[in-house]
Amino acid sequence: KQEVTQIPAALSVPEGENLVLNCSFTDSAIYNLQWFRQDPGKGLTSLLLIQSSQREQTSGRLNASLDKSSGRSTLYIAASQPGDSATYLCAGNLITQGGSEKLVFGKGTKLTVNP
Amino acid sequence: DAGVIQSPRHEVTEMGQEVTLRCKPISGHNSLFWYRQTMMRGLELLIYFNNNVPIDDSGMPEDRFSAKMPNASFSTLKIQPSEPRDSAVYFCASSPLRGADTQYFGPGTRLTVL
C-alpha cells in the first residue's frame, strides 16, 4: 500500500521564523510530488508541483524539494507570517495498476504562526 | 470563474437515509475527482472521471456508494443507506488534464450521519 507520511502533525512557531515541513513516501512509483494548503472549512489549494525530473520548485517565500531516492520532500517557508497558518498536505502522483493516475495524500501538518 | 461548486456545504442526516452530494466542475475541465477526508484516514480518492466516464472507482468503499457524471458540468455522489461511519468531509476536484496534476478543489461538503 502506498503511504505518505508527514511529520510533525502540528507545528507552532513565532512570526518571522523560517521553518521546514517534512513529507516521506514509501512507494517508488510516486513520480511527482505536490504540496497543498488547506484553510479551515475550505478546499485544498495547490502551492507547488515538483515534476519527477526536477529536484525543487520555488514560489515566493516557499521552496519545495524532492529526493526520490530517499523518498522525501520538504517544504521550506521563509520568514513565516500569521497568514501562513493553515494545514499543509503533501501528495504523491502515481500510476495505479489499472493505468490511471491518482494522488496519495499525507494527513497534513497543521501550522500555526503566532504574531 | 466561480471555481468548483459543491452543494450542500453541510448535511446532517439520520442513519439509513439517502444522501446526495453535488458537484459542478470548472467549465472546460474534463477530469473530476471525488475525495473523502477524515481525521483517521486523511484524504482518500473515491472515484475519478475523465470525459464523464469513470476511470478508477477502486476507492469507493462499498456498494452503498455510487457516483454519476451525466454530463460535463455535473456530478453526484450518492450514499444509500447512510451510516454514522460515513461522516466526513467530501471534496470534489476538477482538472483540465486527464491526469491527477493540476486539480482544483471545491470547498467540500461536511456530512454528519447521526
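Structure: above.
Computed from a prediction, not measured in an experiment: that's the story for all the values here.

Attention shifts here to the interface of chain A and chain B. Contact residues are listed per partner, giving 19 residues for chain A and 21 residues for chain B. Between the two partners, chain A and chain B, sit zero salt bridges. On the surface where chain A and chain B come into contact, there are three residue pairs in polar contact (both at pLDDT 80 or more). Among the elements of the structure, β4 (32-38), β5 (44-50), β9 (86-95) and β10 (101-105) of chain A are those that each provide at least two residues to the side of chain A that touches chain B.

Turning next to the nonpolar core. The biggest cluster of nonpolar side chains holds 23 residues, and the ones touching the most others in it are A:Val4, A:Leu33, A:Trp35, A:Leu75, A:Ile77, A:Tyr88 and A:Leu111. Elements that contribute at least two residues to this core include exactly β3 (19-25), β4, β5, β7 (62-67), β8 (72-77), β9 and β11 (109-114) of chain A. With residues up to four places along the chain from it excluded, the contact list for A:Leu33 reads A:Cys23, A:Phe25, A:Leu48, A:Leu49, A:Ile50, A:Leu66, A:Ser73, A:Cys90, A:Ala91 and A:Gly92. Of all hydrophobic cores here, the second largest spans 21 residues; its members include B:Leu21, B:Ala67, B:Leu77 and B:Ile79.

Sheet faces and side chains relate simply in a regular strand, where the side chains alternate between the two faces. Residues and elements named next belong to chain A. Here β3 shows a buried face lined by Leu-19, Leu-21, Cys-23 and Phe-25 and an unburied face lined by Val-20, Asn-22 and Ser-24. Both strand β1 (residues 4-7) and β3 contribute to a ladder of four bridges, which runs antiparallel. When the sheet's bridge partners are listed, Ile-7 is paired in β3 with Asn-22.

Thresholds, definitions, all that
Residues numbered from 1 in each chain as written. Chains lettered and ligands numbered in written order. Predicted model: local features only at pLDDT ≥ 70, side-chain atom pairs only at ≥ 80, totals over all residues. Heavy atoms only, no water. Contact = heavy atoms within 4.5 Å. Salt bridge = Lys/Arg side-chain N within 4 Å of Asp/Glu carboxyl O. Polar contact = N/O pair within 3.5 Å; in protein donor to acceptor, adjacent residues only side chain to side chain. Helix = DSSP H or I, 4+ residues; strand = E, 2+ residues; numbered from the N terminus. Core = buried A, V, L, I, M, F, W, Y, C linked by side-chain atoms within 4.5 Å. Buried < 20%, exposed > 50% of the residue type's maximum accessible area, 1.4 Å probe, protein only. Pairing = 2+ DSSP bridges.

It is worth stressing that arrangement in space is one thing and function is another; only the former is reported here.
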